[in-house]
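# Structural description and commentary
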Amino acid sequence: MLTLIKNAHLFTPKKQGIKDLLLGAGKIIGIGEYENDLHPLNSLIVKIMDAEGYYVTPGFIDQHVHITGGGGEQGPASRTPEIMLSQLTTAGITTVVGLLGVDGITRSMAGLHAKARALELEGLSTFIYSGAYELPTRTLTGSIRGDLVLINKVIGFGEIAISDHRSTQPTLEMLAKLGAEARVGGMLGGKAGIIHLHVGEGKKGLTPLFDLIENTDLPISQFVPTHVNRIDWLLKQACQYNLQGGMIDLTAGIYPQSDGVHAVDVPSAIERLIKVGASMNRVTVSSDGNGSMPRFDNKGELVSVGVGSVEVLWQDIRKIITNKLLSFEDALSLITSNVAKQLRLENKGEIKVGNDADLVFLDKDLNIKMVMAKGRTMLQEGKAIVKGAYEA
Ligand code: ZN
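Overview of the structure. Since the structure is predicted, the reported quantities are computational estimates derived from the model, not experimental observations. (Residues numbered from 1 in each chain as written. Predicted model: local features only at pLDDT ≥ 70, side-chain atom pairs only at ≥ 80, totals over all residues. Heavy atoms only, no water.)

With that out of the way, let us pick up empty space enclosed by the protein. In the structure shown here, the tally under the stated rule is one cavity of 30 Å³ or more. As a volume, the largest cavity reaches approximately 30 Å³. If you go around the largest cavity, the residues you meet are Pro58, Gly59, Asn347, Lys348, Gly349, Glu350, Asp356 and Asp358. Considered class by class, the residues forming the lining of the largest cavity number one nonpolar, three polar and four charged. (1 Å grid on protein atoms, 1.4 Å probe; cavity = no way out; pocket = protein on both sides within 12 Å on 5 of 7 lines; lining within 4 Å. Points joined across faces, edges and corners; volume = space filled by probe spheres on them. Nonpolar A, V, L, I, M, F, W, Y, C, P; charged D, E, K, R; others polar.)

Attention now moves to the coordination of the zinc ion. The protein atoms that coordinate the zinc ion are Glu159 (OE), His198 (ND1) and His227 (NE2), at distances spanning 1.9 to 2.2 Å. If you list the donors of the zinc ion from N- to C-terminus, the spacing comes out as E-x38-H-x28-H. In this pair, Glu159 sits in strand 9 (residues 154-162) while His227 sits in the loop between strand 11 (223-226) and helix 7 (232-243), placing the two residues 68 residues apart along the sequence. Each member of the pair Glu159 and His227 is classed as buried. (Donors = N, O, S within 2.8 Å, 3.2 Å for Na, K, Ca; no water. Helix = DSSP H or I, 4+ residues; strand = E, 2+ residues; numbered from the N terminus. Buried < 20%, exposed > 50% of the residue type's maximum accessible area, 1.4 Å probe, protein only.)

Let us now look at unusual backbone geometry. Put simply, Thr12 and Pro13 share a cis peptide bond, and its omega is 25 degrees. Cis peptide bonds are those with omega within 30 degrees of zero, and the linkage from Leu135 to Pro136 qualifies with -10 degrees. Non-glycine residue Asn7 carries a positive phi angle of around 60 degrees. Along the chain, Asn7 falls in strand 1 (residues 2-11).

Here helix 7 spans 17 Å end to end across twelve residues, near enough to the 16 Å set by a 1.5 Å rise per residue. Here helix 7 has its buried residues at Leu234, Leu235, Gln237, Ala238, Cys239, Tyr241 and Asn242. Considering only its buried residues, helix 7 is in contact with strand 10 (194-199), helix 6 (207-215), strand 11, strand 12 (248-251), helix 8 (266-275) and strand 13 (283-286). (Expected span 1.5 Å × (residues − 1). Contact = heavy atoms within 4.5 Å.)

Let us look at the pattern of salt bridges. Using the criterion set out here, one finds 16 salt bridges in the structure. Lys115 serves as the salt-bridge partner of Glu82, at 3.3 Å between the closest nitrogen and oxygen. Of the two residues, Glu82 sits in the loop between strand 6 (60-65) and helix 2 (85-89) while Lys115 sits in helix 3 (residues 109-121), which places them 33 residues apart along the sequence. For Lys115, a relative accessible area of 11% corresponds to the buried category. (Salt bridge = Lys/Arg side-chain N within 4 Å of Asp/Glu carboxyl O.)

In the structure shown here, the tally under the stated rule is five aromatic pairs. Aromatic side chains Phe11 and Phe328 sit 4.3 Å apart centroid to centroid with 10 degrees between the ring planes, which places their arrangement in the stacked category. On the criterion of sequence distance, the pair formed by Phe11 in strand 1 and Phe328 in helix 10 (residues 328-333) is long-range, its members being 317 residues apart. Neither residue differs from the other here; Phe11 and Phe328 are each classed as buried. Members of the aromatic cluster, connected to one another through ring pairs, are Phe11, Tyr55 and Phe328. Against the face of Tyr55 rests Lys364, its NZ or CZ located 4.7 Å from the ring centre. (Phe/Tyr/Trp six-rings, centres within 6.5 Å; stacked < 30°, edge-to-face > 60°. Lys NZ or Arg CZ within 6 Å of the ring centre and 35° of its normal.)

Right, dumping it as structure tokens:
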């Protein structure tokens, strides 16, 4: 069965104007203008959908989601539950990178790998980072190289914590060794092999990274710091890191009033990056979804501990578009093509012939109305029509 999507206002993420898309076997097999009577037997083999009035974009890629749950800092009762399929699809996410966080003890790599496989079986595309906050870190095979070479789903290591009271206070030597192992593992396994670094609110910020780049032979592309918009001065360092050629990842859903420190929301961080002349090709955004998220009132008092939502990813990108901070296509790149390139995700992040048919349909007000993952409709009229196991 082929699917013909007519009259889409297409962003690949590059702006293409009004186009038709032909899908088959979960792939994009044609982009252009097609007659409805594409084939004499079209009514049997072609399902035709009219996308007039919709923007059609690549499915979003979220490279930082605690798919098996996160948290635990307030004790066992604060461990967050596993994510469900429809939470991701309603947020427009068709490709997800799962990872462990602060808790590398009660959460396991085996559990993470199984959850990633489950989401893949339910229709998404999934990958994982091996590791957790700590160093030496968690692996599946007993070695960093081994995981990258032998386990398909492992594309890098993370989130390894630096500059955080919850990190293992890694020395430069420990980080250099990790980087070296991941570099060679990535080469041998044909993977990105990057280190996705959780940067906390500690004193040193990105200083260890600048030291690593200066004092080792590891390229700057090896280390990708995330949460860099969590404090004003950390973002300043991140601007510098980007200008030196490094890739940085911003965390969506961070708001200035949320935690008492001078956090910078993603749209404001983008404004700042533009101002200093940063390369937008080296910026990505992820949600940190499904981890625990403490909520504070105006006075900074802890009100409750909630679960971070992956929906913040599109909410922040949408704000960038509606506030005209970046063009529609450049804003989309932050959660599509930039991520796929950085993580070397084949057939992802771009609508082009041969790539997976991962698509998001947005209405004029940029609401997510429909989502297709590998050609399968997961969300229709804003409602999940495919549910994961055990979802109501
Ligand atoms: Zn983190």
